[in-house]
Amino acid sequence: MNTTTLGAGPGAARAPVGDNKQGSLSDAERLDRAMTSFLRDFNTTSALYLEACVHCGQCAEACQYYVQTGDPKYTPIWKVEPIKQAYKRLMGPLAPLYRLFGLKKAVTIEELEQWQELLYDSCTLCGRCTLVCPMGIDIPSLVLAARHGMQEAGLVPDDLWGPTERARREGSPLGATKQVLKERIAWLTDDNNVTIPLDREQADILVTISSVEIMKYPQSITAMARVMNHIGASWTFRSDGYEATNFNMLSGDRTGQREATMRLINAALAINAKTVILPECGHAYQAFRWAGATMYGRPLPFRVVHISEYLAEELRAGRLSLKSDARSMTFHDPCQIARRGGVTEAPREIFRALGADLREMGPTPAGNWCCGGGGGVITIHRADSLRHRVFHLKMQQVEDTGAALLVSSCSNCRLTFDDGQDFFHWDKTAHSLVELVADNLAERH
């Protein structure tokens, strides 16, 4: 493993960085790969983003890492400084002058190593910075582009690269292989007396799963089946395309990202699906709903919806009937689904149908604070202390509502909440929206 610098800039403390299984490459080769990737990702939109920044600093106040630490290195736009430096020197309108007068130095491998913490450990890709940017700069998209270069240079943190590689080898970042899926479904079917279709040759709907649900929250699978059967939908899980999580996207591995996406696309095509339902997973929604067609190379021949969107549709159509559950509840909007994906009203339709006493967090939904575990951060153990520090913002948001029940629609968020609950001995547990619906199904008349 490489043991060079990790931190925000010159003088940062030494610490190990990931090697991406490319330790045989020289520093010059790694740097060349990163720069080639940076330039390949650049388009007119990227250039406009970098030219448009007016250095107002508003994105800092929107970032939980800056708010909780006061450290300017966590200013979101600073996290893409290496890619901006490369652009200004090599591609910008004044690039010849920058090079001639040495105004922008060439990016070095040491700089990339120093920036690893900012690009991975302290960015959940939540998009709150973009929300407040007066110039509309989509900083998370630039961070993802920078991660592509980091992956090419072999600088993905080991804790994130491990599950990324496992996903490419086994089809799941957490070891939820086809065989594990089949065994889990057989067990859940027997224990819960519920029909869970697997590998039907034809179905209108392909339902996908998060590996976190398979390994950590299997009752979510049962809940999904109960709801789909209640509706009377033509649906199935498929063992050749079930894993919706896409760690390859989070690490910056474009080839692996496309492979994971194509497994779902091919499974949907195999059964002539009209709809693909994405599970309670935020980054799965970003990876497939918004990037799926790009990976496919043409428009998807089916529609893609998050499970909360689908449930709201079925409520409106009268095919989903719910009993009353008047408990006080608050809802954590997952960043990739709500702020980045625009799905804010659907879960609230469900709470209204339940007759719940919904107590909104403030700010919410678009301004909601991230749980702190997105973007792959939950997997990076060296980032735990910083992640716990920013989790205080989320805890306070929840506590301020006074609600008895905390609900979310992302299993990765639930995982982060569980970790925070254990670490702080907190008395709040995050519950699944789908499981809440399944527990309150009413008899259909």
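### Structural notes on the environment of alanine 268
At step 1: Structurally, alanine 268 is set in helix α15 (residues 254-270).
At step 2: Residue classification places alanine 268 among the buried residues on the basis of a relative accessible area of 1%.
At step 3: Distance from alanine 268 to phenylalanine 237, taken between C-alpha atoms, is 9.9 Å for residues 31 residues apart in sequence.
At step 4: Ignoring anything within four residues of it in the chain, the contact list for alanine 268 reads Leu206, Ala273, Val276 and Phe302.

### Considerations on the nonpolar core
At step 1: Ranked by internal contacts, the top residues of the largest apolar core, which has 50 residues, are Leu112 and Ile137.
At step 2: Elements represented by at least two residues in this core include exactly α1 (27-41), α2 (44-52), α5 (81-90), α7 (109-121), α9 (139-152), α10 (158-170), α14 (247-251) and α20 (384-401).
At step 3: If sequence neighbours within four positions are ignored, isoleucine 137 has contacts with Tyr49, Ala52, Cys53, Ile77, Thr130 and Leu142.

### Observations regarding α5
At step 1: The buried fraction of α5 amounts to eight of the 10 residues, a majority that puts the element mostly inside the structure.
At step 2: Of the positions making up α5, those classed as buried are Glu81, Pro82, Ile83, Lys84, Gln85, Ala86, Tyr87 and Lys88.
At step 3: On its buried face, α5 is in contact with α1, α2, α6 (95-100), α7 and α9.

### Some remarks on a nonpolar patch on the surface
At step 1: There is a patch of nonpolar side chains on the surface, built from Leu94, Leu97, Leu100, Phe101 and Leu103 and spanning about 550 Å² of accessible area.
At step 2: Residue class for phenylalanine 101 comes out exposed when judged on its relative accessible area of 58%.

### Thoughts on the side chain of threonine 379
At step 1: By the secondary structure assignment, threonine 379 is in the loop between β6 (357-358) and α20.
At step 2: A relative accessible area of 14% means that threonine 379 is categorised as buried.
At step 3: Excluding residues within four positions of it along the chain, threonine 379 makes contact with Asp159, Leu160 and Phe247.

### Some points on unusual backbone geometry
At step 1: Looking along the chain, the bond that leaves glycine 362 and enters proline 363 is cis, with omega of -5 degrees.
At step 2: Looking at the secondary structure, you find proline 363 in the loop between β6 and α20.
At step 3: Cis geometry is found at the peptide bond from threonine 364 to proline 365, where omega equals -5 degrees.
At step 4: Although it is not a glycine, asparagine 272 adopts a positive phi angle of roughly 55 degrees.

### What about the sheet that holds strand β7 (residues 405-408)?
At step 1: Overall, parallel pairing links the four strands, which are arranged β6-β5-β7-β8 in an open sheet. Both outer strands of the open sheet, β6 and β8 (430-432), are each paired with one neighbouring strand and no more.
At step 2: Of the pairings in the sheet, the one linking strand β5 (residues 328-332) to β6 comprises two bridges and is parallel in character. Bridging across to β6, methionine 329 finds its partner in leucine 358.

### Overview of the pattern of salt bridges
At step 1: According to the stated counting rule, one finds 26 salt bridges in the structure shown.
At step 2: Here arginine 254 and aspartate 41 are joined by a salt bridge, their closest N and O atoms 2.5 Å apart. Of this pair, arginine 254 sits in helix α15 while aspartate 41 sits in helix α1, and the two are 213 residues apart along the sequence.
At step 3: The exposure class assigned to aspartate 41 is buried, which follows from its relative accessible area of 18%.
At step 4: A salt bridge links arginine 382 to aspartate 121; the shortest N-O distance between them is 2.6 Å. Of the two residues, arginine 382 sits in the loop between β6 and α20 while aspartate 121 sits in helix α7, which places them 261 residues apart along the sequence.

### Some thoughts on the sheet that holds strand β4 (residues 303-306)
At step 1: What the four strands build is an open sheet, ordered β2-β1-β3-β4; its pairing is parallel. Edge positions in the open sheet fall to β2 (235-236) and β4, since each of these has one partner strand only.
At step 2: By the bridge criterion, two bridges tie strand β1 (residues 205-207) to β2 in an arrangement that is parallel. Each bridged residue has a counterpart across the sheet, and for leucine 206 the counterpart in β2 is threonine 236.
At step 3: Where helix α16 (residues 282-290) meets the sheet, it contacts β3 (275-278) and β4, and its direction lies at approximately 160 degrees from that of β3.

### Quick look at α10
At step 1: Taking 1.5 Å per residue, 13 residues should reach 18 Å; α10 reaches 18 Å between its end C-alpha atoms and fits that length.
At step 2: Three or more residues of α10 are buried, namely Leu160, Trp161, Pro163, Thr164, Glu165 and Ala167.
At step 3: For α10, the secondary structure elements touched by its buried residues are α7, α9, α14 and α15.
At step 4: Where α10 terminates, the next one or two residues include glycine 171, which has phi positive at roughly 90 degrees.

### Considerations on the packing of aromatic side chains
Any pair of aromatic rings gets described here by the distance separating the centres and the angle formed by the planes.
At step 1: For the structure shown, the criterion picks out 12 aromatic pairs.
At step 2: Ring centres of tyrosine 65 and tyrosine 74 lie 6.1 Å apart, and the angle between their planes is 40 degrees; on these two criteria the pair is classed as tilted. The same class applies to tyrosine 65 as to tyrosine 74, namely buried.
At step 3: Ring geometry for phenylalanine 391 against phenylalanine 417: centres 5.6 Å apart, planes inclined by 70 degrees, an arrangement best described as edge-to-face. Note that phenylalanine 391 is positioned in helix α20 and phenylalanine 417 in helix α21 (residues 411-424), a separation of 26 residues in sequence. Pair check on accessibility: phenylalanine 391 and phenylalanine 417 agree, each one buried.
At step 4: Here the aromatic residues Phe391, Phe417, Phe423, Phe424 and Trp426 are joined through ring pairs into a cluster of three or more.
At step 5: Seen from the ring of tryptophan 369, arginine 128 lies directly overhead, with NZ or CZ sitting 3.7 Å from the centre.

Procedures and definitions
Residues numbered from 1 in each chain as written. Predicted model: local features only at pLDDT ≥ 70, side-chain atom pairs only at ≥ 80, totals over all residues. Heavy atoms only, no water. Helix = DSSP H or I, 4+ residues; strand = E, 2+ residues; numbered from the N terminus. Buried < 20%, exposed > 50% of the residue type's maximum accessible area, 1.4 Å probe, protein only. Contact = heavy atoms within 4.5 Å. Core = buried A, V, L, I, M, F, W, Y, C linked by side-chain atoms within 4.5 Å. Patch = residues over 30% accessible without salt bridge, like charges linked within 9 Å, V, L, I, M, F, W, Y side chains within 5 Å. Areas by Shrake-Rupley, 256 points an atom, 1.4 Å probe, with all protein chains shown as cover. Salt bridge = Lys/Arg side-chain N within 4 Å of Asp/Glu carboxyl O. Pairing = 2+ DSSP bridges. Axes fitted to C-alpha atoms, helices over the stretch in contact; angles between N-to-C directions. Expected span 1.5 Å × (residues − 1). Phe/Tyr/Trp six-rings, centres within 6.5 Å; stacked < 30°, edge-to-face > 60°. Lys NZ or Arg CZ within 6 Å of the ring centre and 35° of its normal.

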